Each structure stands twice: as C-alpha cells, then as structure tokens.
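# An overview of the molecular structure
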Amino acid sequence: MALRFTPTVAICAVGAVVAGGLLALPPVDKATQPPIPAPPAQPGGTPTAVAITIENFDFGQPRTVSTGADVQVSNADAEAHTMTARNGAFDTGSVDEGTSVTFKAPSVPGTYEFYCDIHPSMTGQLVVD
Amino acid sequence: MTASTTSGAPARRGTVKLLISAAIGAAVSVALGVYANVHEPTGEQILHGGFPSVLSMKAWLTTGVAVLALAQAVSAMWMWGRLPRITRPAPRWVAHAHRWTGTAAFLLSLPVAYHCLWSLGWRSTDVRVVLHGLLGCAFFGAFTVKMLALRIEGVSKWTLPVLGSALVVVLTAIWLTSSLWFFTNVGFPGL
C-alpha cells in the first residue's frame, strides 16, 4: 500500500497533525482571566442578593436564596449559557461569555429545577425559602 | 488455473490490506473516544472567526461539511456512472473536484472536532449527545479507512462506494445531531 503524498493527502495529513498537537495543549490559566464583578450590595431590609457563577459548564449548585432575592448569574465560561427553570419560574435568557444577568427569585418557596437551554446536560436546583 | 491463481493472490492481499486499514481506522476512532473521556474538558472557547459564538461557528462549519459531503456523493456517483440521466463519462475535473471537496470537508471538520474533544469532552447525559460523540469518533475512523483504501490495489469494486456512502451517512447523522439541533433549539441562522 504505497501512500502517495498527493497535495490533498498532504494537506489532510498536515491538518490532522496540527489538530492532534493542539489537542495536547493544557487549558488557559484561569488566573489570567479578568474576574467577574461581585453582585451589588443590597440595602438593609431587602432579601440578600445571591451570586451564581457558571464555570466549566457547571452551575456550582446547590444554591439557596430567599424569596424575591436578586440572583445574579455570571458566566465565566467561554460559551453562552442560560439558567432556565423547568417550570418556567425564571429564565435568564442567553448569558454571554464573561457577562452576568440578574433575575428575581420566585416568590413561592420551593425547590426549582433548572437547566441550560443551550447545553441541556447542565442542570441544577435553586432552593427558595 | 494459473490465471485464476494470479488474480486470486492480489485480491487476497487487497483484502488483508483492507482489514489492516479497517483496524487502523477503528484505532483512530477508539483513540479519539478515549481522549475525549480521559481528557479534562477545558470548557474554553477557540477562535470563532466572525461568528457570534463557538457553537454558531460549529453549526455552520458542520453544515458546510455536510454540503461538501453531498457534493462528494454526487461527484462519486458521476465518476462511477451512477448519476441518473447523465450518460456521458465524468470529465477529469469531476475527479479533481471530488478530491478537493473531500479535503475541504476534512479541514472544515477539524476545528469542530477540536472544540468538541478539547473543550467539551465526552458527555453521556442525553441520547443526542451520546450519538453525536459516537458518530464524531466514527467519522474520523471511517475517513482514515477511506483514505487508505483508495491506495489499495485488488479490493472489491464495492469497497470505495460503500466506504464513501458510509461517510456521507455518518456526516448526515452528525449534522442532524448537532447543527439541526442548534438551529432548532438555539436559533436560526444563529449569526
């Protein structure tokens, strides 16, 4: 089986070797990435704001919040995500990479299952008490 | 008798070489699957050159690969005299177009596969994702076998059409489990 290196075979071989080499690269050092700002402080008497940071395709759950509290969802990943309740109680919409979105926690206590609408394998629970 | 022996030996050698090629292709598929499984997904983006997100870029690159795969199927059918209503033999440019569309399809698939393997890794949380992962690994194995089979003498005449058809089927399934999902779940055109 003489493997003649025609231009097309050579191009494919180079592409495969480059891609294979890149696969061996380690992840970028997270410490060099700009930190996501903390949620704004709430005035006294109002429910405490809670921050959820999506990182490495993980919501970092479980999370407990007070009814009506501000929930700030920050996306530290390089992909857009959503935080969408299965029962429709809340939905951040698309949270782009490096940005954050704030929504009000439901006013009814309970455990709310949520997921990422873009990556349905990302799931979590928000406990509202 | 002599002629029969002479024609039988190259055929046997061709079959053995084809089996070796299939083993190499299987090794490529398994290696990619193992890498995806043992590698810690980085969750990081890659360059998405002008597209609003990596997922959007992947959806469109995969669509490009699927279109090129269709062009591959049509040009191959013409070269093998199986194109309906086209009776004249395929001109030489069709063979060139077949090779270059195949090369372009392979190159377009590389950034997609790279992001899947390096950034996302193997996932098994729903059927679509599992199917997509298996098909992605199978594609590069099948591509390897096809490239090697092109250079084997003495294989059955059905070998290349079967391998080429398998690649088109796998690519179509990959498109259905990725780009179509993106366009129907995230948005179309997603740009």
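Before reading further, recall that the structure is shown in the block above.
In what follows, the accompanying structure is described. Treat the numbers as computed from the prediction; the structure is a model and nothing was measured.

### Overview of the overall build of chain A
What chain A contains, in helices and strands, is one helix and seven strands. Moving toward the C terminus, one meets the helices and strands of chain A in the order α-β-β-β-β-β-β-β. A buried classification covers 20% of the 129 residues belonging to chain A. Counting contacts in chain A only where the partners sit at least 6 residues apart, residues at least 24 apart contribute 42% of the total.

### Observations regarding the overall build of chain B
The number of helices and strands found in chain B is six helices and zero strands. Each helix and strand of chain B, ordered N terminal to C terminal, gives the series α-α-α-α-α-α. Counting over 191 residues, chain B shows a buried share of 34%. For chain B, long-range pairs separated by at least 24 residues make up 77% of all intrachain contacts whose partners lie at least 6 apart in sequence.

### Observations concerning the sheet that holds strand β2 (residues 63–65) of chain A
Residues and elements named next belong to chain A. The four strands lie next to each other as β2-β7-β6-β4, forming an open sheet whose pairing is mixed. Unpaired on one side and paired on the other, β2 and β4 (84–85) mark the two borders of the sheet. Examined bridge by bridge, β4 and strand β6 (residues 110–115) share two bridges and lie antiparallel to one another. By the bridge assignment, Thr 84 is partnered in β6 with Tyr 115.

### A few points about the nonpolar core
It is characteristic of soluble globular proteins that their nonpolar side chains tend to be buried jointly. Phe 139, Ala 142, Val 170 and Leu 171 of chain B are the most contacted members of the largest nonpolar core, which has 40 residues in total. Looking at this core, the elements that each hand over two or more residues are α1 (2–38), α2 (54–79), α3 (92–120), α4 (127–149) and α5 (159–177) of chain B. If we skip the residues at most four places from it in the chain, Leu 171 of chain B touches Val 65, Ala 66, Ala 69 and Phe 139 of chain B. Core analysis: the second largest hydrophobic core is formed by 16 residues, Ile 52, Phe 59, Val 65 and Ala 105 of chain A among them.

Definitions and limits used
- Residues numbered from 1 in each chain as written.
- Chains lettered and ligands numbered in written order.
- Predicted model: local features only at pLDDT ≥ 70, side-chain atom pairs only at ≥ 80, totals over all residues.
- Helix = DSSP H or I, 4+ residues; strand = E, 2+ residues; numbered from the N terminus.
- Buried ≥ 20, exposed ≤ 12 C-beta atoms within 10 Å, placed from the backbone.
- Contact = placed C-beta atoms within 7 Å.
- Pairing = 2+ DSSP bridges.
- Core = buried A, V, L, I, M, F, W, Y, C linked by C-beta atoms within 7 Å.

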